[in-house]
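A structural walkthrough
Each chain, written out:
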Amino acid sequence: MKLAATKPITLVLARELALAALLLVGVSFVVFVILYLSPGDPFSVLLEGQISNHAARAGLREALGVPRTWYVQYLSWLGNLLQGNFGTSIRTGLPVFGEIARVALSTLYLTLGSMLVTLLIAVPIALHSSVRGTTALNWLLTMLAYVVSALPVFWLGYVAVYVFIHQFGVFPLTARIAASSERTWPFSLLPIFVLGIGNGTVSEVVRHLREEMSRVMGEDYIRTARAKGASVWRHAFKEGLLIPMTEIIASKIPFILGGAVIVEQVFNWPGMGRMAWQAAQDRDFPVIMGIAMIAATLVRLGSLLQRVVYVAVNPRASNERRGAAWAE
Amino acid sequence: MGAPLLEIENLRTYFHSRSKRAFIRAVDGVTMVIARGETLSVVGESGSGKSVTALSIMGLLDAGPGVISGKITFRTDGGERNLLHDLEHYVTLGEQDGRIMEVSKDEAGWRKQVERIMAEVRGKEIAMIFQNPKSALNPFVTVGHQITEAIRLHTPTKHPREAKERSLYWLERVKMDSPRLRFDNYPYGLSGGMCQRAMIAMALSSEPALLIADEPTTGLDATIQSTIVGLLAELKSELGIATLLISHDIRVVSRLADDVAVMYGGTVVEYGPAPEILGARFGLKHPYTAALLASRPSAQNVEEKGGLPAIEGEVPDPIDVPRGCRFYARCNRVTEDIRDACARHEPALKELTPGHHVRCWLYGD
Ligand SMILES: Nc1ncnc2c1ncn2[C@@H]1O[C@H](COP(=O)(O)OP(=O)(O)OP(=O)(O)O)[C@@H](O)[C@H]1O
Ligand code: SF4
Ligand SMILES: [Mg+2]
């Protein structure tokens, strides 16, 4: 009785939350093991050339309070995390959470901006070709989108840096381009465009949206909408655009984050990607773990958004979910 | 009663078969007339072009080349117009011995022109209902909202609350049970019969001059079928709305139709008053109509086989249409006198008695 009264959205949220928690633990474990197994450790990087004596090193570790066995290390990390403590960066000695928070916003700005660029390019092409079929114009646009998408994002990035910065002298390249600074915001458009255009996302968004929209355009209910003189777009919007758009975005988030690591390197963009890169070289495991957690959370958030939209939009799904909850 | 509401003259709608690189002559010279307030029923075997005729009237065909010639005169209080007006500007036909062998069509210009003409007509003056009502309603929108949308689009009622009242009125009119409840339901929660009632309510809510119903009872349970037919009969006598009813089921047709058009292989082979076409005693009949009636299944059969009459032989291939009478290969009434004509020349549609037309060499002169 209680479950039947629960809103389907609430159930979806609860389920997603439980899944996310499990996933995060899994991801953290895997990342930890990989870090543990990979050669090198933060102390050798940090103390390079300073202390060569093996015994002295072990003593230092002991003094810093680093436990010996890997699973004790992992469990203590996990325990701290549960209390909201991400640990401290080995490199800077500052709390990891603060370090990440400092750069997270500029990565968010980069990735959300690039998604917007992708959609602004892909959606019109997809809609036009799903309704008009293959005209010369949208064939050309689609081809262009596919070709540009096929370019590796680092290559596109270096070309953009070369052309705009070295040739035209615009976008002065400094390490201090801050997204938040008002005077410098135009500089941030270049990496956003590079990440939005390259990375293979545009072509896949075009393809997915076109397929779904064409399928929906062939549905009986769209024929009914036309027969009654109503707007086809209005009737096709939910199934033909909204649902597939959230689907493709959710599935692209890992690739966009991966692309961000490269773009941030190329453009010296002070974000999480660059921080992750740096941390990987330093074997700064609390930072790597922290960023891995944030990235995994973002990926989960994407699929949560997709589920929520799907259930909110699709009356049948919301009821099936309710039915499923009954059965459980 | 004056000039008829809708007059279709020599409508041709072709498609392109990519694999055979030839035309599918789905509708190949259809002529028929719908009088005001009357029901014209179109019957014929599967593939005879009934649905394509209906979709051609509504301008709803997307596959090319689509409608290529003809005239559809539609007369309302607002005057007379040709729903295929100016069509000839966008189509060029290449003929060879009286047969269309080549079509070049400016698809974009044609589409624009169709949308221009039909924007005033679709849903407002001509409404349409389909078979499989469950998939014909938008699954993402409540039933009530779909009806309200039609009302707000096509009637002076624009205020949402008034439009809702009006929708409820129509839901009651089509005898939807607990209309207030159904108003907020999504289609998936409704049975096929209820969905068809909702479709009918939606179609009638804009008070169109013509309703096109393409097999409105196909796909529904037998008992639901007969209640829907009963509903259509009631609405017909109450509202006096003209209807183009496409159906496989002769029983449905005989309950509702004033006139009947029999289609075969993309053309109308006979049309006239329903009693003359369907009546057993009336002598002048196209051999195909006679065969169709003779193969009329028993009530039991209808339920088991979905009412499809079976006549020996195959319907003509719409890609490779025979030169002579389209029914020649299956006709058992060819006499030696006319055999040559039947095999070589397509007979014209001749008016035998007032309002009764037959396309067969057996009749006329
Ligand atoms: N979009 C299309 N593209 C190609 N051929 C089509 C298309 N629509 C219909 N046809 C063909 O046109 C012919 C007539 O089809 P139509 O749907 O009008 O038949 P029908 O009389 O309504 O049959 P049924 O009783 O099965 O509904 C068929 O041969 C069909 O295959
Ligand atoms: S024209 Fe000839 S073949 Fe055709 S229906 Fe009449 S008799 Fe039969
Ligand atoms: Mg049909």
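Residues numbered from 1 in each chain as written. Chains lettered and ligands numbered in written order. Predicted model: local features only at pLDDT ≥ 70, side-chain atom pairs only at ≥ 80, totals over all residues. Heavy atoms only, no water.

With respect to the overall build of chain A
Our working definition: Starting at the N terminus, helices and strands are each numbered in turn, a helix being any DSSP run of H or I of at least four residues and a strand any DSSP run of E of at least two. Whether a residue is buried, partly exposed or exposed follows from its accessible area with a 1.4 Å probe, protein chains only, as a fraction of its type maximum: under 20%, in between, or over 50%, in that order. Note on contacts: a residue pair qualifies if any of its non-hydrogen atoms lie within 4.5 Å across the two residues.
Secondary structure assignment for chain A yields 15 helices and zero strands. In chain A, which comprises 328 residues, the share counted as buried stands at 41%. Within chain A, residue pairs in contact and separated by at least 24 positions form 77% of the contacts whose partners lie at least 6 positions apart.

Focus: helix α10 (residues 201-217) of chain A
Residue and element names in this part refer to chain A. What counts here: In a helix, the anticipated span is given by 1.5 Å times the number of residues less one.
Between its first and last C-alpha, α10 extends 24 Å over 17 residues, near the 24 Å set by a 1.5 Å rise per residue. Residues of α10 that are buried: T201, V202, S203, V205, V206, L209, E212, M213 and V216. Contact partners of the buried residues in α10: α6 (96-132), α7 (136-150), α9 (189-197), α11 (220-227) and α12 (232-267).

Concerning the site of ligand 1
Residues and elements named next belong to chain B. Note the following rule: Near, as used in this document, describes a residue that has one of its heavy atoms within 4 Å of the molecule or strand being considered. Nitrogen and oxygen atoms within 3.5 Å of one another constitute a polar contact, given that in protein one can donate a hydrogen and the other can accept it, and given that sequence-neighbouring residues count only through two side-chain atoms. Each accessible area is a Shrake-Rupley result for a 1.4 Å probe, and residues are judged covered by the shown protein chains and nothing else. Here the nonpolar group is Ala, Val, Leu, Ile, Met, Phe, Trp, Tyr, Cys and Pro; Asp, Glu, Lys and Arg are the charged ones; every other residue, Gly included, is treated as polar.
Not every one of the 15 residues close to ligand 1 is listed here, only the nearest: S46, G47, K50, S51 and V52. Between ligand 1 and K50, the relevant distance is 2.9 Å, taken from an oxygen atom to a side-chain nitrogen or oxygen of the residue. Here ligand 1 loses 67% of its free accessible area of 630 Å² to cover by the protein chains. Sorting the residues of the shell around ligand 1 by element identifies β2 (22-34) and α1 (50-58) as the ones contributing at least two each. Examining the composition of the shell around ligand 1, we find that three residues originate from one element, α1, more than from any other. The class makeup of the residues in the shell around ligand 1 is six nonpolar, six polar and three charged.

With respect to the site of ligand 2
Taken together, 13 residues are adjacent to ligand 2, and C325(B), C331(B), C342(B), C360(B) and W361(B) come closest. Looking at the shell around ligand 2, its residues break down into 12 nonpolar, one polar and no charged.

Quick notes on the interface of chain A and chain B
Threshold: By buried area we mean the combined loss of accessible area, with a 1.4 Å probe, across both parts when two parts are placed together. Within this document, salt bridges are pairs made up of a side-chain nitrogen of Lys or Arg and a carboxyl oxygen of Asp or Glu, the two lying within 4 Å of each other.
Facing the 19 residues of chain A at the interface are 28 residues of chain B. Summing both sides of the interface, chain A and chain B together bury roughly 2000 Å²; the carbon and sulfur share of this comes to 56%. In this structure, the salt-bridge partner of E149(B) is R234(A), at a minimum N-O distance of 3.9 Å. Connecting chain A to chain B are 10 residue pairs in polar contact (both at pLDDT 80 or more). Residue contributions to the side of chain A that touches chain B peak at six residues, all from α11(A). Tallied by class, residues from the side of chain A that touches chain B come to six nonpolar, five polar and eight charged.

Notes on the packing of α6(A) against helix α13 (residues 272-282) of chain A
Residues and elements named next belong to chain A. Defined as follows: Whenever a helix is involved, its axis is fitted only over the stretch in contact; in every case the axis is a line through C-alpha atoms, and angles between N-to-C directions fall within 0 to 180 degrees. Each angle is binned into one of four classes, with values under 35 degrees roughly parallel, values over 145 roughly antiparallel, values of 65 to 115 roughly perpendicular, and all other values oblique.
Relative to each other, α6 and α13 sit at 135°, their axes nearing to 8 Å. Relative to α13, the element α6 lies oblique. Packed against α6, whose contacting residues are E99, I100, R102, V103, A104 and T107, the element α13 presents M272, G273 and M275 at the interface.

Remarks on unusual backbone geometry
Residues and elements named next belong to chain A. Even without a glycine there, the phi angle at N199 is positive, about 75°. Within the element layout of this structure, N199 appears in the loop between α9 and α10. Of note, the phi angle at N268 is positive, near 60°, even though the residue is not glycine. By secondary structure assignment, the location of N268 is in the loop between α12 and α13.

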